[in-house]
Amino acid sequence: MEQITCTCGHANRHGTIFCESCGRTIEEKKTQKLLDMRYEGSARRSQTYNKTVVDKIWNFFSSVKVGVWLIVVTLVTSAVGTIFPQEMYIPPTVDASEFYEDEYGVLGQLYYLLGFHNLYGSWWYMILIASIGISLTIASIDRVVPLYRALKKQGVKRHESFLKRQRLYSVTSEETIETSDLDVVKANLKKKRYNVKEEDGSLLAEKGRFSRWGPYVNHTGLVIFLIGAMLRFVPGMYVDEVLWIREGETTSIPGTNGMYFLESNGFIMEVYEKENEDEVFGEAIDRVGNGMAVKNYQTNVVLYERDQNSIVGENQELKKIKDWQIRVNEPLKHDNYALYQVDFKLNEFKAMSFNLIDKETETNHGKITVNLRDPQKTYEINEDYHVEMVSYFPDFYFDNAGDPATKSKIPNNPAFVFKMFSPENPEGEVSFVAIQQNIEPFGDNEYKMTFAGLETTNVSGLIVRKDLTLWLLGLGGFIFMIGVIQGMYWNHRRIWVQKINGNILLAGHSNKNWFGLKREMEFIVSGTSIKEPVDQVELKNEQVERQNVEKEG
């Protein structure tokens, strides 16, 4: 783009409001008496380039309004995502599209079609998060580069128009001051810890420039935080899975890609018993109820690693890594994974036994045992009798159509459809068997299946966690807080003292806390004949108020 050369010789980019070096006005804004000092009058790329597609994209994302709207849209969609449960929290055996429509009607169906059922992992939600990060990055670069360039190139001597259009300003005739007054001003500036530069009798005092970078440090921290949040959806970076493991069971640990296996050697629940505890514990137990309170949940486990040379799904060779006792707040940790004890279930149904009975003679022809976690298709009793399992419903209920169905894969309320084969009925008889239910859907049978026994087991609920993004989230949050402190508790203050046309011009600028700067400037000129600065904004307001009073009078 075309550059504009100031009379002082400094080349400014097109769009600069006043010269970066001397402060002479380049683009006059007649409606604004005071200078716009937000970016030291420098030209921002978004305000000067608008020709190519890249320029238009840059200008779009550099807009603060666009950034705010992106944040608002993201917050609104996040809130909508909490209206109905996410897909991870619905029963695992039901189809998501049917579940939302059946449970919540038209709104549920719309909720599913728009992708809100899996909001935080959806591609369009990731685009929203990425857009916020892009907006923060482009908006920061668009502003911080010209600001840095202008602050670095600012000269000690500034044009008279620049000083007069500062908010804090005063002019004193050189004839009314003492020769030593400028030395007093310089000494007072150093007392206030200003960095003082001098050129041909002109002074530039500055402190707290680093506070100007506070918002951009904020943005850097936020961008890092957003990157960390997005990395959680990259496979292998973040795992937060639930593992239910039964006593005696060896199973693959979710989220480890079949690399690690866990064996449960037993679940232990230890309790405080009232008669064995002192008075204080006894009162606490009474408040809990049942005359007991749990003091320990523990799962004794063995951690295995799959042999690297074995193939997943075949006979895998497992190498023992360690034995561990997982307790509350005492997880098993290995290779960035941690397994926490969070829940349990006592006496879950493990196996059920049934006898094949001749209804007329009450003769027992044999027993079958059904493993509720791994039921078989056929159960042989002897050469003449066998039973086939037609259907199995681990968590049985009747649906709206009156047909048997299951709520989940957990055997909370098992039910079966058996087909019983005997010499008298070689084609088989069908019987529906559930807890305290025995239904013969095709008429009276000659044989029946009767309950013969139950085996139970304890189940441990573990949380498997792996988070390789935590340090990135922590770093982003730490950098963000540095920016907050940097921009909140310090401010950038500058004071100019110059001799121009027989007058001493005093001007000051601060990015905030004008009252504090004004008090410092009053201290700096104390003991001299230089006039204290006047707040031109307050002066203008007083003049407007006086004019209004005169009109009313």
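Residues numbered from 1 in each chain as written. Predicted model: local features only at pLDDT ≥ 70, side-chain atom pairs only at ≥ 80, totals over all residues. Heavy atoms only, no water.

Focus on empty space enclosed by the protein
Argument step 1. Counted by the stated rule, this structure contains 2 cavities of 30 Å³ or more.
Argument step 2. Empty space within the largest cavity amounts to approximately 50 Å³.
Argument step 3. Taken together, I253, T256, Y260, L303, L332, K333, H334, Y337 and L339 make up the full set of residues lining the largest cavity.
Argument step 4. Those elements giving two or more residues to the lining of the largest cavity turn out to be strand 11 (332-334) and strand 12 (337-358).
Argument step 5. The element best represented in the lining of the largest cavity is strand 11, accounting for 3 residues.
Argument step 6. Class assignment of the residues belonging to the lining of the largest cavity gives a composition of 6 nonpolar, 2 polar and 1 charged. (1 Å grid on protein atoms, 1.4 Å probe; cavity = no way out; pocket = protein on both sides within 12 Å on 5 of 7 lines; lining within 4 Å. Points joined across faces, edges and corners; volume = space filled by probe spheres on them. Helix = DSSP H or I, 4+ residues; strand = E, 2+ residues; numbered from the N terminus. Nonpolar A, V, L, I, M, F, W, Y, C, P; charged D, E, K, R; others polar.)

Quick word on the sheet that holds strand 18 (residues 415-421)
Pairing between sheet strands relies on hydrogen bonds along the backbone, with the strands arranged either parallel or antiparallel.
Argument step 1. Taken in spatial order, the 5 strands make up an open sheet running 14-15-18-19-20, and their pairing is antiparallel. The open sheet has two edge strands with one neighbour each: strand 14 (378-380) and strand 20 (437-439). Averaged over all adjacent pairs, the angle separating strand axes in this sheet is 25 degrees, with direction ignored.
Argument step 2. Summarising the sheet, strand 14 and strand 15 (residues 386-393) pair through 3 bridges and their orientation is antiparallel. Residue pairing across strands places E380 opposite H386, the latter belonging to strand 15. (Pairing = 2+ DSSP bridges. Axes fitted to C-alpha atoms, helices over the stretch in contact; angles between N-to-C directions.)

Remarks on the layout of surface pockets
Argument step 1. Taken as a whole, the second largest pocket holds about 570 Å³ of empty space.
Argument step 2. Forming the boundary of the second largest pocket are 26 residues, of which R38, Y39, R143, P215 and Y216 lie nearest the centre.
Argument step 3. Within the residue set of the lining of the second largest pocket, elements represented by two or more residues are helix 3 (64-80), helix 5 (123-153), helix 8 (214-231) and strand 23 (503-510).
Argument step 4. At 6 residues, the largest contribution of residues to the lining of the second largest pocket is made by helix 5.

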